[in-house]
Amino acid sequence: MSFLTHLECPSCNHTFEPFLVLNLCPKCSKPLLARYDLEKAAAKIDLKNLHDRARSIWRFPEVLPVGDPACRISLGEGWTPLIKAERLGHSAKHDFLYIKDEGSNPTGSFKARGLGMAVSCALERGVKALSIPSAGNAAGALSAYAAKAGLKAHVFMPRDVPSPFVVECEVLGAEVTLVDGLINDAGRLAAAHPDAKNRFDVSTLKEPYRIEGKKTMGYEIAEQFGWVLPDVLIYPTGGGTGLIGMWKAFEEMEEMGWIGRKRPRMVSVQAEGCAPMVRAFESGEKHAEMWQNASTKASGLRVPGAVGDFLILEAIRESSGTALTVSDEAMIEAARRIGAAEGLFVAPEGAATFAAFEQLKAKNWIQSDDKVVLFNTGSGHKYYQIWED
Ligand SMILES: *Cc1c(COP(=O)(O)O)cnc(C)c1O
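Reading guide: rules and limits
- Residues numbered from 1 in each chain as written.
- Predicted model: local features only at pLDDT ≥ 70, side-chain atom pairs only at ≥ 80, totals over all residues.
- Heavy atoms only, no water.
- Near = heavy atom within 4 Å.
- Polar contact = N/O pair within 3.5 Å; in protein donor to acceptor, adjacent residues only side chain to side chain.
- 1 Å grid on protein atoms, 1.4 Å probe; cavity = no way out; pocket = protein on both sides within 12 Å on 5 of 7 lines; lining within 4 Å.
- Sits in = over half its atoms within 2 Å of the grid points.
- Helix = DSSP H or I, 4+ residues; strand = E, 2+ residues; numbered from the N terminus.
- Pairing = 2+ DSSP bridges.
- Axes fitted to C-alpha atoms, helices over the stretch in contact; angles between N-to-C directions.
- Parallel < 35°, antiparallel > 145°, perpendicular 65-115°, else oblique.
- Left-handed = near helix turned anticlockwise from the far one by under 90°.
- Contact = heavy atoms within 4.5 Å.
- Nonpolar A, V, L, I, M, F, W, Y, C, P; charged D, E, K, R; others polar.
- Phe/Tyr/Trp six-rings, centres within 6.5 Å; stacked < 30°, edge-to-face > 60°.
- Buried < 20%, exposed > 50% of the residue type's maximum accessible area, 1.4 Å probe, protein only.
- Right-handed = clockwise from strand over helix to strand, strands pointing away.

A. The site of the ligand, seen in detail. Close contacts around the ligand come from 16 residues, with Lys111, Tyr235, Gly238, Gly240 and Thr377 the closest. Measuring from an oxygen atom of the ligand, one finds a side-chain N or O atom of Asn137 at 2.9 Å. Between the ligand and Thr377 there is a distance of 2.7 Å, counted from a nitrogen atom to a side-chain nitrogen or oxygen. Because more than half of its atoms lie within 2 Å of the grid, the ligand is assigned to the largest pocket. Listed by contribution, the elements that provide at least two residues to the shell around the ligand are β10 (232-236) and α9 (241-255).

Dropping the structure here:
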């Protein structure tokens, strides 16, 4: 049972009926957020008795936006391990270092959470075809969940995306269009397509439900730490859906009385060659300007502009967090250290969090008794070329 009540625009405060098929706020074109009757949800969920619940993103359907259980499309996403990185922590002289390993998700990244949720919602609301601009992993996840739901997927990716990302979508039955340019150009082309009006656009934060899928990382972290949140979360930021989603999860859990006021300091990591959030954070801006000539081998971070920029910046600032960049070389070197120490083949985006951790530790921004969680957002497998170069 879902206690979804309405969609709300946090920018203009208008509210909308939750079973409409909506993208951005029809009034002001900003992202919409799903809202729940949290009092009823809290009364329904017994935290002392969770063993019968799904070990997936569907663990707490009361605070998820799908009412009909038959529309909950699942390939086994979520409920990923929180690993205490003993050997890696030892090499970095830090006792409380953890990795939330999202690499084991279907299609090899945490995009499975967001797109599992978005496709389920689309199915429940009667959508037949979906489209997405993607830097790589989101396209694969959409292709998989659309296939499982029996919906048509149209994916638009930059032409220079590593070939495993393209092959994956094709094998999963999606229609693939390669675009000259970056993810934002792909988005423009998808929207300008003659059939665009017959396809529901699931661009990140341009529809309200991918964030609901990604917020489940926040619920999992809380549960895995015994309902006391850790001190620092380090998150590789492209569109920022995971960071915004977890921030929303913390708010919901506090309102339901599951956690206290304490929040982790939220750290956003970007690539040196594409760092719009870091620049906006450092210059005190509310919104981030588009990054010109974005370039990084971490495809998930090659996002020059984010619709939810103001939400990312708010979460970082409210949490007393920070934002910083990492070079591609440092990511690759960090991936090798994580791999050799922990047995995890991580995506360069995930590796960036460890490189950022070491920078922050050297500056004493991270103290020796801080509990720190690194988000490994994906598996390294689809990035063949970068390990060989
Ligand atoms: C998409 C992606 C990111 C960035 O996630 P956002 O929620 O868009 O910020 C990071 N890492 C990987 C592996 C990704 O696929």
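B. Region of interest: the sheet that holds strand β9 (residues 200-201). Pairing in this open sheet of four strands is parallel, and the strands run β8-β7-β6-β9 from one edge to the other. The strands lining the two open edges of the sheet, one partner per strand, are β8 (175-179) and β9. Pairing between strand β6 (residues 129-133) and strand β7 (residues 152-158): five bridges, direction parallel. Within β7, the residue paired with Leu130 across the bridge is Ala153.

C. Examining the packing of helix α4 (residues 137-149) against helix α5 (residues 163-171) more closely. It is the contact of α4 with α5, at a shortest axis distance of 9 Å, that shows an interaxial angle of 15 degrees. Considering the angle they form, α4 stands roughly parallel to α5. Crossing of α4 over α5 shows left-handed handedness. Along the contact surface, α4 presents Asn137, Ala139, Gly140 and Ser143, while α5 presents Phe165, Glu168 and Cys169. Taken together, the residues of the contact of α4 with α5 break down into three nonpolar, three polar and one charged.

D. Here's a closer look at the packing of aromatic side chains. Within the structure shown, the criterion is met by 10 aromatic pairs. Between the aromatic rings of Phe60 and Tyr219, the centroid separation amounts to 5.9 Å while the plane-to-plane angle is 40 degrees, which identifies the pairing as tilted. Taken together, the residues Phe60 in the loop between α1 (38-44) and β4 (82-84) and Tyr219 in helix α8 (residues 216-224) connect sequence positions 159 residues apart. Classification of Tyr219 by relative accessible area gives buried; the value is 4%. Centre to centre, the rings of Phe354 and Phe357 are 6.0 Å apart; their planes meet at 20 degrees, and the pair counts as stacked. Of this pair, Phe354 and Phe357 both sit in helix α13 (residues 348-362), three residues apart, which is roughly one turn of that helix. Judged on exposure class, the residue Phe354 and its partner Phe357 are both buried.

E. Summary view of the sheet that holds strand β5 (residues 97-101). Strand order in this open sheet of six strands is β4-β5-β13-β10-β11-β12, and the pairing throughout is mixed. The two strands at the open ends of the sheet, each matched to only one other strand, are β4 and β12 (322-326). Strand-to-strand twist of the sheet, defined as the mean angle between neighbouring strand axes without regard to direction, takes the value 25 degrees. Judged from the three bridges that link them, β4 and β5 form a sheet pairing that is antiparallel. Counted as the bridge partner of Lys84 is Tyr98 from β5.

F. Region of the structure containing the pairing of β7. Burial runs high along β7: six of the seven residues are buried. Between the parallel pair β6 and β7, the chain is carried across by α4, and the sense of this crossover is right-handed. Strand direction decides the pairing type here: β7 and β8, joined by five bridges, are parallel. The residue of β8 that forms the bridge with Phe156 is Thr177. Handedness of the crossover joining β7 and β8 through α5 is recorded here as right-handed.

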